[in-house]
Amino acid sequence: METLHVPVLLAEAVESLQCRANGFYLDATLGSGGHALKILKDNPEIKGLIALDCDQDTIEQAQSRLAPFSHKTFIFRDNFINIKTITKQAGVKEVDGILIDLGVSSRQLEDGNRGFSFNLRGPLDMRMDRNQSMTAFDIVNKTPAPQLEQILRDYGEEHYAARITRKLVMQRTKEPITDTLQLSKLITASIPPSRRPRRIHPATKSFQALRIAVNQELDNLVTVIEEAVSILSHKGRLCIISFHSLEDRIVKHTLRKIARGPIQPPDMYTTGNTQAGTIRIITRKPIVPQREETQKNPRARSAKLRVAEKV
Ligand SMILES: C[S@@+](CC[C@H](N)C(=O)[O-])C[C@H]1O[C@@H](n2cnc3c(N)ncnc32)[C@H](O)[C@@H]1O
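Think of each chain on its own: its residues are numbered from 1, step by step along the sequence as written. Restriction of local features to residues with pLDDT of at least 70 applies here, the model being predicted, together with a cutoff of 80 or more for giving and counting side-chain atom pairs; totals for whole chains, interfaces and linings are based on all residues. Note that the side-chain values use all heavy atoms of the structure and ignore hydrogens as well as water.

Chemist: Teacher, can you tell me more about the overall build of the protein here?
Modeler: Every helix listed is a DSSP run of H or I at least four residues long, and every strand listed is a run of E at least two residues long, numbered separately from the N terminus. Secondary structure assignment for the protein yields 13 helices and seven strands. Reported as C-alpha extents along the three principal axes, the dimensions of the protein are approximately 60 × 50 × 40 Å. Accessible area is worked out with a 1.4 Å probe on protein chains only. A residue is then buried under 20% of its type maximum, exposed over 50%, and partly exposed in between. Residues classed as buried in the protein amount to 55% of the 311 residues present. Total accessible area on the protein is roughly 14800 Å²; 50% of this is exposed by carbon and sulfur atoms. Working definition of accessibility: Shrake-Rupley area with a 1.4 Å probe, residue cover restricted to the visible protein chains.

Here it is, written out as structure tokens:
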């Protein structure tokens, strides 16, 4: 049976969009279509929903779930950094609300062949968009040691980045590291047994780091926030769900920087392409899931929803 991703903060995210009659909405991370379906079901008066995902498999699954609404749904396979062009292609000038639900879906995580999971044997892939050429194999086997260590430290906040890098480099000089279980064993073996984390798998942080690097997730996040703000209509809402501290930090600072205005020099949180002062932050503190939700869906534990409104 096909895995269906369980949408996180479903009611909270869809309510935060405050959908208006005749409005156009955009789901930048369609996944299994759970959020999209609720937007369409709860708001029969909206004019249309533009939805996209960079993963073709995911799109096919969502397409069949959204079939009853096909007359007002426009689905695209693309990277969300291109939302401005996509919106134009859909024949829409501005949208009245945008949802971005970051990270991978359970469907991607639970398919060993995609290489996202340290528990399932699979190739070192980790691409969300399988048309892209760079994979986790390339990073693990071909990235020079100093850069590899930096990826593990910066994107995984992995304290043992240096040790792990040494181990991986030693191994890859003998023969390439090719599968997820082999990689996860090497990572575990690099961390002293008494220092291995108890609550998470010892390879969690390194796998997160590699996934972020393969998909350029953090750079894309800054870009999509800026692009999203630029295509929102007056009072249109931008709702972003993040799943780890690096993502949430970027969401928080980028939104604040845009809200603060006037135009400031670009830094890691903005590229300088944004009209500063064009949004107002609705959630001073992020919305987090209720205990009931995290009990049913442990993946929701780290989720944070931040909302901003175009002014
Ligand atoms: C957490 S899932 C979304 C789940 C969805 N909200 C649902 O209810 O099923 C995240 C999705 O975003 C997609 N994604 C991640 N980064 C992307 C990007 N830069 N461009 C387009 N899609 C992206 C992934 O392929 C994945 O399907």
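Chemist: Before we go on, may I ask you to explain the pattern of salt bridges in this structure?
Modeler: Where charged atoms of side chains with opposite charge meet at close range, the side chains can pair. One side-chain nitrogen of Lys or Arg within 4 Å of one carboxyl oxygen of Asp or Glu is enough to make a salt bridge. Under the defined criterion, the tally for this structure stands at 16 salt bridges. Asp96 serves as the salt-bridge partner of Arg20, at 3.0 Å between the closest nitrogen and oxygen. Highlighted residues: Arg20 in the loop between α1 (10-17) and β1 (24-27) and Asp96 in strand β4 (residues 95-101), separated in sequence by 76 residues. Judged by its relative accessible area of 30%, Arg20 falls in the partly exposed class.

Chemist: Would you take a moment to explain the site of the ligand for this structure?
Modeler: Residues are classed as near a molecule or strand on a simple rule: at least one heavy atom within 4 Å of it. In the vicinity of the ligand, 25 residues are found, and the nearest of them are His35, Asp53, Phe80, Asp101 and Gln108. One nitrogen or oxygen atom from the main chain of Ser32 is found 2.9 Å from an oxygen atom belonging to the ligand. Any N or O atom pair separated by 3.5 Å or less is treated as a polar contact, with the protein-specific requirement of one donor-capable and one acceptor-capable atom, and with residues adjacent in sequence counted only for side-chain atom pairs. Taking Asn79, its side chain carries an N or O atom lying 3.0 Å from a nitrogen atom of the ligand. Calculation on the ligand without its partners gives an accessible area of 600 Å², and the protein chains cover 97% of this total.

Chemist: I tried to follow the sheet that holds strand β3 (residues 73-77) on my own but got confused; where do I start?
Modeler: Spatial ordering of the open sheet is given by β3-β2-β1-β4-β5-β7-β6, a layout of seven strands whose pairing is mixed. The sheet terminates laterally at β3 and β6 (279-281), the two strands that pair on one side only. On average, each strand axis in the sheet is tilted by 15 degrees relative to the strand beside it, whichever way the strands run. Strand direction decides the pairing type here: β6 and strand β7 (residues 304-310), joined by three bridges, are antiparallel. Note that in β7 the partner of Ile279 across the bridge is Lys310. We call two residues in contact whenever any of their non-hydrogen atoms come within 4.5 Å of each other. Whenever a helix is involved, its axis is fitted only over the stretch in contact; in every case the axis is a line through C-alpha atoms, and angles between N-to-C directions fall within 0 to 180 degrees. Of the strands in this sheet, β1, β4, β5 (232-242) and β7 are in contact with α1, which crosses β5 at around 165 degrees. Against the sheet, helix α2 (residues 34-42) contacts β1, β2 (48-53), β3, β4 and β5, and its axis sits at roughly 180 degrees relative to β2. What makes two strands pair is DSSP finding at least two bridges between them.

Chemist: Which parts of the structure should I look at to understand the packing of helix α10 (residues 204-215) against helix α11 (residues 217-231)?
Modeler: Between two packed helices, the angle of one axis relative to the other and the distance separating the axes together describe the packing. One can describe the packing of α10 onto α11 by two numbers: an axis separation of 6 Å at closest approach and a directional angle of 55 degrees. By the angle between their axes, α10 is oblique relative to α11. Touching Arg211, Ile212 and Asn215 of α10 are Glu217, Leu218 and Asn220, all from α11. Only Asp, Glu, Lys and Arg are considered charged, only Ala, Val, Leu, Ile, Met, Phe, Trp, Tyr, Cys and Pro nonpolar, and every remaining residue, Gly among them, polar. Residues of the contact of α10 with α11, tallied by class, amount to two nonpolar, two polar and two charged. Reported orientations rely on four angle classes, namely roughly parallel under 35 degrees, roughly antiparallel over 145, roughly perpendicular from 65 to 115, and oblique for the rest.

Chemist: Could you clarify how one ought to interpret the pairing of β2 in this entry?
Modeler: Every other side chain in a regular strand lies on the same face of the sheet, so the side chains alternate between the two faces. Among the six residues of β2, six are classified as buried, and the element is accordingly described as predominantly covered. Burial along β2 is two-sided: Gly48, Ile50 and Leu52 and Leu49, Ala51 and Asp53, pointing in opposite directions, are all buried. We call a crossover right-handed when, viewed with the strands running away from us, the connection from the first strand over the helix to the second turns clockwise. Note on the crossover from β1 through α2 to β2: the handedness is right-handed. The pairing of β2 with β3 spans five bridges and is classified as parallel. Looking at the pairing, Asp53 lines up with Arg77 of β3. In this view, the connection linking β2 to its parallel neighbour β3 by way of helix α3 (residues 56-65) has right-handed handedness.

Chemist: Would you mind showing me how to read the packing of aromatic side chains here?
Modeler: Each aromatic ring pair is described using two quantities: the centre-to-centre distance and the angle formed by the ring planes. Between rings of Phe, Tyr and Trp, where Trp is taken as its six-membered ring, a pair exists when centres lie within 6.5 Å; planes separated by under 30 degrees are stacked, by over 60 edge-to-face, and by other angles tilted. Taken as a whole and judged by the stated rule, the model has two aromatic pairs. Considering the side-chain rings of Phe24 and Phe74, the 6.3 Å spacing of their centres and the 45 degrees angle between planes classify their relative orientation as tilted. Here Phe74 lies in strand β3 and Phe24 lies in strand β1, a separation of 50 residues in the sequence. Note on Phe74: relative accessible area 29%, which makes it partly exposed. Both rings, one in Phe118 and one in Phe207, keep their centres 5.6 Å apart while their planes meet at 90 degrees; by these two values the pair is edge-to-face. Pair noted here: Phe118 is in the loop between α5 (106-109) and α6 (136-142) and Phe207 is in helix α10, with a separation of 89 residues, a long-range link.

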